[in-house]
Each structure stands twice: as structure tokens, then as C-alpha cells.
Amino acid sequence: MLDEFKREMALSSKTSEHDIATSDLAKTFDSPRTRRIAIINLLRLSYVDGEFDVEEECLLKQIAIRFDIGEMEFRRMDSWVRRLMSLENEASDQFLQE
């Protein structure tokens, strides 16, 4: 999955998650497109357990600020991710039952 994210964001396959410091995120994700992809995927990861904790929200908002993503755009992304996950859950419930 990480390799897919790297391809989608046009990152080098040699880039390791351990090589990226939080302060360097803006350098690593150097275009608006890669920054939006990163935030959307981080939002998805934040909802994996079914909740979006305050700590997770604060961290993602800090990253969004570093990425020059405003509050309104962040909220739209969050809303989109929640709707997407709801549709995925609905499809799983209806079509993937054994």
C-alpha cells in the first residue's frame, strides 16, 4: 500500500517513512496535489478505528497548516473521507456478506 501511495504522489520508491521528519513534510510533499493526497490518506487512516480522536485531529491540522491547506479545505476533505468510508461500509455490509 505504501508503494501505491508513493507512486500516486510521485515519490521515490527509495523514500522510507523513517527518513521523513515532520518538519520536512512540506519538502517531501512539494506540490499541492501530493499534499492533498497525503492529507486525504492520513484522514482515512485516522478513521480506521471508527473514531477521529482529538490528538489525531490536532496533528492533521498542524500538517495541513504546513501544507498551506486552510480550515475550510481541510473540513471538506474530512467530510469527503467520512462519506467515502460510509459508502465503503455500506457496500461491505450489503454485498460482501457470506
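Quantities reported herein were computed from a predicted structural model and do not represent experimental measurements. (Residues numbered from 1 in each chain as written. Predicted model: local features only at pLDDT ≥ 70, side-chain atom pairs only at ≥ 80, totals over all residues. Heavy atoms only, no water.)

Draft legend 1. The nonpolar core, seen in detail. By size, the foremost hydrophobic cluster in this structure holds 16 residues, and its most contacted members are Ile-39, Leu-43, Phe-67, Ile-69 and Phe-74. Put simply, the parts of the chain that give this core at least two residues each are helix H3 (32-46), helix H4 (54-66) and helix H5 (71-95). Excluding residues within four positions of it along the chain, Ile-39 makes contact with Leu-60, Ile-63, Ala-64, Phe-67, Ile-69, Phe-74 and Met-77. (Core = buried A, V, L, I, M, F, W, Y, C linked by side-chain atoms within 4.5 Å. Buried < 20%, exposed > 50% of the residue type's maximum accessible area, 1.4 Å probe, protein only. Helix = DSSP H or I, 4+ residues; strand = E, 2+ residues; numbered from the N terminus. Contact = heavy atoms within 4.5 Å.)

Draft legend 2. Structural view of the packing of aromatic side chains. Evaluated as defined, the whole model comprises two aromatic pairs. A ring pair is formed by Tyr-47 and Phe-52, whose centres lie 4.9 Å apart and whose planes are at 40 degrees; its orientation type is tilted. Of the two residues examined, Tyr-47 and Phe-52, each falls in the buried class. (Phe/Tyr/Trp six-rings, centres within 6.5 Å; stacked < 30°, edge-to-face > 60°.)

Draft legend 3. Up close: the pattern of salt bridges. All told, the structure shown has nine salt bridges when counted by the stated rule. With a closest N to O distance of 3.5 Å, Glu-71 and Lys-61 form a salt bridge. Of this pair, Glu-71 sits in helix H5 while Lys-61 is found in helix H4, placing the two residues ten residues apart along the sequence. Judged by its relative accessible area of 24%, Lys-61 falls in the partly exposed class. (Salt bridge = Lys/Arg side-chain N within 4 Å of Asp/Glu carboxyl O.)

Draft legend 4. Representation of the side chain of Asp-78. In this structure, Asp-78 sits in helix H5. If sequence neighbours within four positions are ignored, Asp-78 has contacts with Leu-43, Tyr-47 and Phe-52.

Any functional reading would require information beyond the geometric quantities listed.
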